[in-house]
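# Remarks on the overall topology
Here is what each chain is made of, one letter per residue.
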Amino acid sequence: MPIRLIIVDDHPVVRDGLRGIFTDDAFEVVGEAGDGLEALAVVGRTNPDVVLTDLRMPRMGGAELIRRLQEEAPGVRVLVLTTYDNDADVLPAIEEGATGYLLKDTPRAELRRAVQAAARGETVLSPSVAGVLTQRIRAPQQQALSPRELEVLSLVSRGATNREVARKLFITEATVKTHLLHIFGKLEVNDRAAAVAAAYETGLLRPGT
C-alpha cells in the first residue's frame, strides 16, 4: 500500500516541488494545505499516514499543528521540513511530538526515505538538528524566565535603561534591578550584555521582539 501523504507549506511553489518528489506507486499525496489550520481540516478528510509540514506559516504554525494532531489524530506521523535549525524552532516541534525534522536542502532520495521511515514511526533528524538536540541535552538546564523577566530582558535588549524599563512597566527601578539579578542567575551570566546574548542564543528572545 502506498504511503498516504499530506504536504503543508504556505508557498504553492514549494508544495508543487514536493508533490513532484512523491509521484510513484510508493506514495500517494492525498492533500495539501497552506497552513496548520487548513492542514487539520485536510487530515480529517483524508486520514493520511504522514504529514510533511513547514514550521513558520500564517494562522497556525507547524509546532501548534503537531500539538493539535497529537490530540486529534495521534496515529498520524509528522515530519517537519523547514529552513530553520535553531533550537527555538527545533525544540518546540520535537517536544510537541514530531516524528522527524529535516531541512529543505535535504536531497530528494533522502527525503523519500525519511517519509518512509516516519510512516514506520522511526525518528529522522538532519545532522544539524541532531547537533542542536545533543547540545541541549549536554548543556546545564537553565531555569525558565518568568513573563515579567522576559519583558524586562526584551526592553534591555532594545537599549532601555533601568529607569526607562521601570517607567514602561510601571514598576520601580529597584524592582527592575531585582529582576535583572534573577535573570543573571537563571542565565548564569554576570551582566546585561551577556544576558541579552544568552537569550538570543537560547531562543528566549528573537530579533524584533
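As a reminder, the structure under discussion sits directly above these lines.
Reading guide: rules and limits
- Here the residue numbers are simple positions, counted from 1 along each chain's written sequence.
- Per-residue local features are limited, in this predicted model, to residues with pLDDT of at least 70; the limit for side-chain atom pairs, both in listing and counting, is 80 or more; totals at the level of whole chains, interfaces and linings are taken over all residues.
- By convention in this description, side-chain values take in all heavy atoms of the structure and omit both hydrogens and water.
- Only DSSP runs of H or I covering at least 4 residues are called helices, and only runs of E covering at least 2 are called strands; the numbering of each starts at the N terminus.
- We call a residue buried when its accessible area falls under 20% of the maximum for its residue type, exposed when it is over 50%, and partly exposed in between, using a 1.4 Å probe and counting protein chains only.
- An axis is simply a line fitted to the C-alpha atoms; with a helix, the fit covers only the stretch in contact. Between two such axes, the angle follows the N-to-C directions and lies from 0 to 180 degrees.
- Here roughly perpendicular refers to angles of 65 to 115 degrees, roughly parallel to angles under 35, roughly antiparallel to angles over 145, and oblique to all remaining angles.
- Working rule for handedness: look at the near helix, and if it is turned counterclockwise from the far one by less than a right angle, call the crossing left-handed; if clockwise, right-handed.
- Contacts are assigned to residue pairs with any non-hydrogen atoms lying within 4.5 Å of each other.
- Three classes are used: nonpolar for Ala, Val, Leu, Ile, Met, Phe, Trp, Tyr, Cys and Pro, charged for Asp, Glu, Lys and Arg, and polar for all others, with Gly counted as polar.

### Topic: unusual backbone geometry
Residue N47 is not a glycine yet carries a positive backbone phi of 50 degrees. Take N47: it is sitting in the loop between α2 (36-46) and β3 (50-53). Despite not being glycine, E188 has its phi angle at roughly 60 degrees, a positive value. Take E188: it is sitting in the loop between α9 (173-187) and α10 (192-202). On the basis of relative accessible area, E188 is assigned to the exposed category, the value being 55%.

### Some points on the packing of α2 against helix α3 (residues 62-72)
The contact between α2 and α3 brings their axes to 10 Å, and the two run at 25 degrees. Accordingly, the angle class assigned to the pair α2 and α3 is roughly parallel. In the crossing of α2 with α3, the sense of the turn from one axis to the other is right-handed. Contact residues: α2 offers G36, A39, L40 and V43, while α3 offers L65, R68, L69 and E72. Partitioning the contact of α2 with α3 into residue classes produces five nonpolar, one polar and two charged.

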